[in-house]
Amino acid sequence: MARPPLEVADIIAALATASAEVPGLVASVAQRRVLNALLACRTARLGGHVEQCDRCEHRTIAYNSCRNRHCPKCQARARAEWFDARRRDLLSVAYFHVVFTVPCELAAIALQNKKVLYAILFRAASDTLLQIAADAKHLGAKIGFLAILHTWGQTLIHHPHLHCVVPGGGLSRDGERWISARHSYFLPVKVLSRVFRGKFLDYLAKAHQDGKLSFTNTLTPLTDPTAFHGVLAEVRRKPWVVYAKAPMAGPEQVLKYLARYTHRVAIANSRLLSLEGGTVRFRYKDYQAGKHSVMALDAVEFLRRFLLHVLPDRFVRIRHYGLLANRCRRDNVARCRELIPVGTEQHTGDDRAAKVTDEHAARSCPQCRVGTMITVDTFTAAQAAILIPAHLDSS
C-alpha cells in the first residue's frame, strides 16, 4: 500500500523538538507516549525485518510498527486479527446498528473524567438495550451485541458516542426459541433514549456522590453538589440522541460495515491534505450540509484535538454483552444457530476468497509481481545502521 502524502506523524515531526515536545502544546504523560510512538512507527528506531522475494530475490526493508492503538498506521493488522476472531460468532440474521450519544453539555465533564464517564456510557447503553429487548412489550428476548467507543467528531472535537451492533433477535426467556426482530425495526428509539438518559444520569450522580469525579479550571464549581445536580437537571429536560440505522443483511455485510468502526482512530492519514505555513488542511464530512468539506487548523491546534482522543491506559473500547459476553459466547452462539428458523437466514455471498486474495497481494513481490515476500532476517534499532546497507547491496 502506497504511503499517504501526509501523515499525522509528519505533522508531529514538523513541530516536535528533539525530545518530542511540541512547543505550545500541553500534553499529559500518556499523550506524550502517543506522540513518541507515532514518531517512531515504521522507522529504524523500532528495528525491523528484511523481506526477500522467493522468485526474483528482490529485497526490501520493512520497519516495525509501534502497535499503539491511537496510531493511524497500525490498525489494519489489529482489525484483521479481530475480524478473524469475530467471524465465527456471526449469525445468519439481519443486524442492527444503534448509536448512543453523550450530550455536548456533558462532553467537558467526560474530557476531565474519561475513565469514569466512558465506563458509564458503556454501562448505561448496554443496560438499556438488554432491558428494553427483554421487555415483552418490545422484543421479549435475551440479546447479544458488541459496543465500540468513539470519542471524536469529523472535525476532531470531543464527541463521545457508542456504536452498538446487534443481531436482529434473541433467545426466549427459557432459551428454547429464537425470537426474531421485525425486518426493518429493532427497538423504539424514543424509549431507548429516555431509558438511556435516566440510567446515564443516575450513574453519573452516583459517581459524583462517591467522589469519583474531579474538576479543574472552568469546571471547578461542579465539585459543589448543588451546582453539579443543576447541570444534570438541565440535561435531563432535553431529549438525548439515540439513532438506529437500517438493518444489515448477512454476516459478510456486517464484517464490511464493522470495518468502518472498529480499530479506528480520531483521523485517518488519508483525510490529511496538506501542511503548509503551520496550517493543516484535512477533509471532513459536514453532516448538516450533507457534503464533504475542507477544514484548516493551526498545526498545534490540530495535534491538541488529536490528543483529546487518547484513551486511559488499559481502557477497553470494544466490549461484548448479553449472549455475546466473553464468558458464554461460544455456547450461546451455537444455541442460537440451532434455533434460528430455516428460511430466515440472511446471506450475501462469501468474502473469504477476497480476504485471502487481499492478504496475498499485501505480501506479493513489488518487483516481479509473481513471487511472495518472505522474511529472511530481523534487526534491532541498534543494528539498523550496520545491517540495512548490507542487505540492500544486491551485488
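Refer to the structure presented above.
Residues numbered from 1 in each chain as written. Predicted model: local features only at pLDDT ≥ 70, side-chain atom pairs only at ≥ 80, totals over all residues. Heavy atoms only, no water.

This part takes up the pairing of strand S1 (residues 48-53). Of all six residues in S1, six are buried; the element is thus mostly enclosed. The pairing of S1 with strand S2 (residues 59-63) spans five bridges and is antiparallel. Counted as the bridge partner of Glu51 is Thr60 from S2. Connecting the antiparallel pair S1 and S2 is a turn made up of five residues, with Glu57 showing a positive phi of about 65 degrees. Bridge count between S1 and strand S14 (residues 373-379): six bridges; the pairing is antiparallel. The residue bridging Gln52 from the neighbouring strand is Ile374, located in S14. (Buried < 20%, exposed > 50% of the residue type's maximum accessible area, 1.4 Å probe, protein only. Helix = DSSP H or I, 4+ residues; strand = E, 2+ residues; numbered from the N terminus. Pairing = 2+ DSSP bridges.)

This paragraph deals with the nonpolar core. Within the largest apolar cluster, 52 residues are counted, with the highest numbers of intra-cluster contacts made by Leu129, Phe186 and Phe200. Residue assignment for this core shows that the elements contributing at least two residues are strand S3 (94-101), helix H4 (104-112), helix H5 (114-134), strand S4 (144-152), strand S5 (158-167), helix H6 (189-209) and helix H7 (225-236). Beyond its immediate sequence surroundings of up to four residues, Leu129 is in contact with Phe100, Ile143, Phe145, Cys164, Val166, Phe186, Leu187 and Leu192. Of all hydrophobic cores here, the second largest spans 33 residues; its members include Cys66, Cys74, Leu272 and Leu303. (Core = buried A, V, L, I, M, F, W, Y, C linked by side-chain atoms within 4.5 Å. Contact = heavy atoms within 4.5 Å.)

On to unusual backbone geometry, then. Apart from glycine, the bulk of residues carry a negative phi angle, and the bulk of peptide bonds sit in the trans form. The phi torsion at Arg42 lies on the positive side, around 55 degrees, for a residue other than glycine. By the element assignment, Arg42 lies in the loop between helix H2 (29-40) and S1. With relative accessibility at 40%, the residue Arg42 sits in the partly exposed group. Of note, Asn217 is a non-glycine position whose phi angle comes to about 55 degrees, a positive value. Checked against the element boundaries, Asn217 lands in the loop between H6 and H7. Residue Asn217 is classed as exposed on the basis of its relative accessible area of 66%.

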